[in-house]
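Examining the three-dimensional arrangement
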Amino acid sequence: MQRSPGVLASSLLLGLVSLVGAASLQVGPAAAQSSPFKPTSTRPAASSAAVGSSTSVPYGWLDFCHRRPKECKVPTLPPASIRLTAQNMSILKRINRTANRSIKPVSNYDHWGTMMDHWDYPTDGKGDCKIYALYKRKLLQDAGFPRQALLMTVVRDLHNEGHTILTVKTDKGDFVLDNLVDEIRPWNATGYYFLKRQSQQNPNVWVSLNQRGGTAKRLSPSS
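Residues numbered from 1 in each chain as written. Predicted model: local features only at pLDDT ≥ 70, side-chain atom pairs only at ≥ 80, totals over all residues. Heavy atoms only, no water.

A regular strand carries its side chains on alternate faces of the sheet. Along strand E4 (residues 150-156), 6 of the 7 residues are buried, which leaves the element largely enclosed by surrounding structure. As consecutive antiparallel partners, E4 and strand E5 (residues 162-170) are separated by 5 residues, and within that stretch Asn160 has a phi angle of approximately 65°, a positive value. (Buried < 20%, exposed > 50% of the residue type's maximum accessible area, 1.4 Å probe, protein only. Helix = DSSP H or I, 4+ residues; strand = E, 2+ residues; numbered from the N terminus. Pairing = 2+ DSSP bridges.)

What follows is the structure in structure tokens.
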């Protein structure tokens, strides 16, 4: 039976729509892969914290130097940073985790029986944030990292309490090693308020920071 022109046109139109639909289903995944809209990271790029003028030296460091003079009678050196290669980042992560797991956390008063800040190495396997930071500094120096890139740093944590961490100066910005977190974070992803830290040239000179370290990024569970 011969179809009328109207029926033939409708059939052709229906077939064309079906072909277009099939083609759309076939190219859909590829089109999605080539989409210019890509998820962006919420992690801020690392930067170097702006340093202010010289400021007061923490009592704990002065006392540490009195008890361990060889640790502090060191020459003034030019500033130095480390290259943040995959190998160096791996060393930072390993040492941060090693120290965090090998020291039993205990408050300054419970440990030393005094409210005065007591900075030292974990000779008895216990300590608070200062002991963790000093130990990491020593381990990294023993691993060959330059002293000028390893800076004891005093901050106020997310609860506005005094806290001490280790800042590592790199060619990609300032990163911190923290006994509260196993992850190596850019200073500006901590949410801490940075008060002061050691000068790169001379560990016995401290410089002011007085700036907020960005917003604390969401952390994945420690492995």
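From this point, things continue past the structure.
Take the environment of Gly60 next. Position of Gly60 relative to the elements: it lies in helix H2 (residues 59-67). Classification of Gly60 by relative accessible area gives buried; the value is 1%. Separated by 58 residues in sequence, Gly60 and His118 have C-alpha atoms that sit 5.3 Å apart. Every residue in contact with Gly60, bar those within four places of it in the chain, is listed here: Asp117 and Trp119. (Contact = heavy atoms within 4.5 Å.)

Glancing now at empty space enclosed by the protein. Tallied over the full model, the rule gives 1 cavity of 30 Å³ or more. Roughly 30 Å³ of internal volume is contained in the largest cavity. (1 Å grid on protein atoms, 1.4 Å probe; cavity = no way out; pocket = protein on both sides within 12 Å on 5 of 7 lines; lining within 4 Å. Points joined across faces, edges and corners; volume = space filled by probe spheres on them.)

What follows is about the nonpolar core. Counting residues in each nonpolar core, the largest one holds 26 residues, and the members touching the most others are Trp61, Leu92, Leu140, Leu166 and Val168. Of all the secondary-structure elements, those providing two or more residues to this core are H2, helix H4 (86-102), helix H6 (129-142), E4, E5 and strand E6 (173-178). Ranked by the residues each element gives to this core, the list is headed by H4, at 4 residues. If near-sequence neighbours (up to four positions away) are discounted, Val168 is found in contact with Ile82, Leu92, Leu140, Ala149, Leu150, Gly173, Asp174, Phe175 and Leu177. Core analysis: the second largest hydrophobic core is formed by 8 residues, Val155, Trp187, Tyr192 and Phe194 among them. (Core = buried A, V, L, I, M, F, W, Y, C linked by side-chain atoms within 4.5 Å.)

Attention shifts here to the pattern of salt bridges. All chains considered together, the criterion is met by 11 salt bridges. In this structure, the salt-bridge partner of Asp117 is Lys130, at a minimum N-O distance of 2.9 Å. Linking Asp117 in the loop between helix H5 (108-112) and strand E3 (126-127) with Lys130 in helix H6, this pair joins segments that are 13 residues apart in sequence. One salt bridge in this structure joins Arg197 and Asp174, with 3.2 Å as the shortest N-O distance. Residue Arg197 is found in strand E8 (residues 189-198), and its partner Asp174 is found in strand E6; the two are separated by 23 residues along the sequence. With relative accessibility at 3%, the residue Arg197 sits in the buried group. According to the relative accessible area criterion, Asp174 is buried, its value standing at 0%. Here the residues in one salt-bridge network are Asp63, Arg67, Arg68 and Asp120, joined through shared partners. (Salt bridge = Lys/Arg side-chain N within 4 Å of Asp/Glu carboxyl O.)

We now examine the state of the cysteines. Tallied over the entire structure, the rule returns 1 disulfide. Here Cys65 engages in a disulfide with Cys72; their sulfurs sit 2.0 Å apart. Between Cys65 and Cys72, the disulfide has an S-S torsion of -80° and is therefore left-handed. Comparing Cys65 with Cys72 shows no difference in burial state: the two are buried. (Disulfide = S-S within 2.5 Å.)

What follows concerns the environment of Ala49. Looking at the secondary structure, you find Ala49 in the loop between helix H1 (5-33) and strand E1 (54-55). Relative accessible area serves as the criterion here: at 8%, Ala49 is assigned to the buried category. Linking Ala49 and Gly213, residues 164 residues apart in sequence, is a C-alpha distance of 8.4 Å. Contact partners of Ala49, with chain neighbours within four places excluded, come to Asp174, Trp187, Arg197, Leu209 and Gln211.

With antiparallel pairing, the 7 strands of this open sheet are ordered in space as E1-E9-E8-E4-E5-E6-E7. Of all strands in the sheet, those with a lone pairing partner are E1 and strand E7 (181-186), marking the two edges.

This part takes up the layout of surface pockets. Considered as a void within the structure, the second largest pocket measures approximately 160 Å³ in volume. Of all the elements in the fold, those that place two or more residues in the lining of the second largest pocket are H6 and E5. The residue inventory of the lining of the second largest pocket, partitioned by class, reads 2 nonpolar, 3 polar and 4 charged. (Nonpolar A, V, L, I, M, F, W, Y, C, P; charged D, E, K, R; others polar.)

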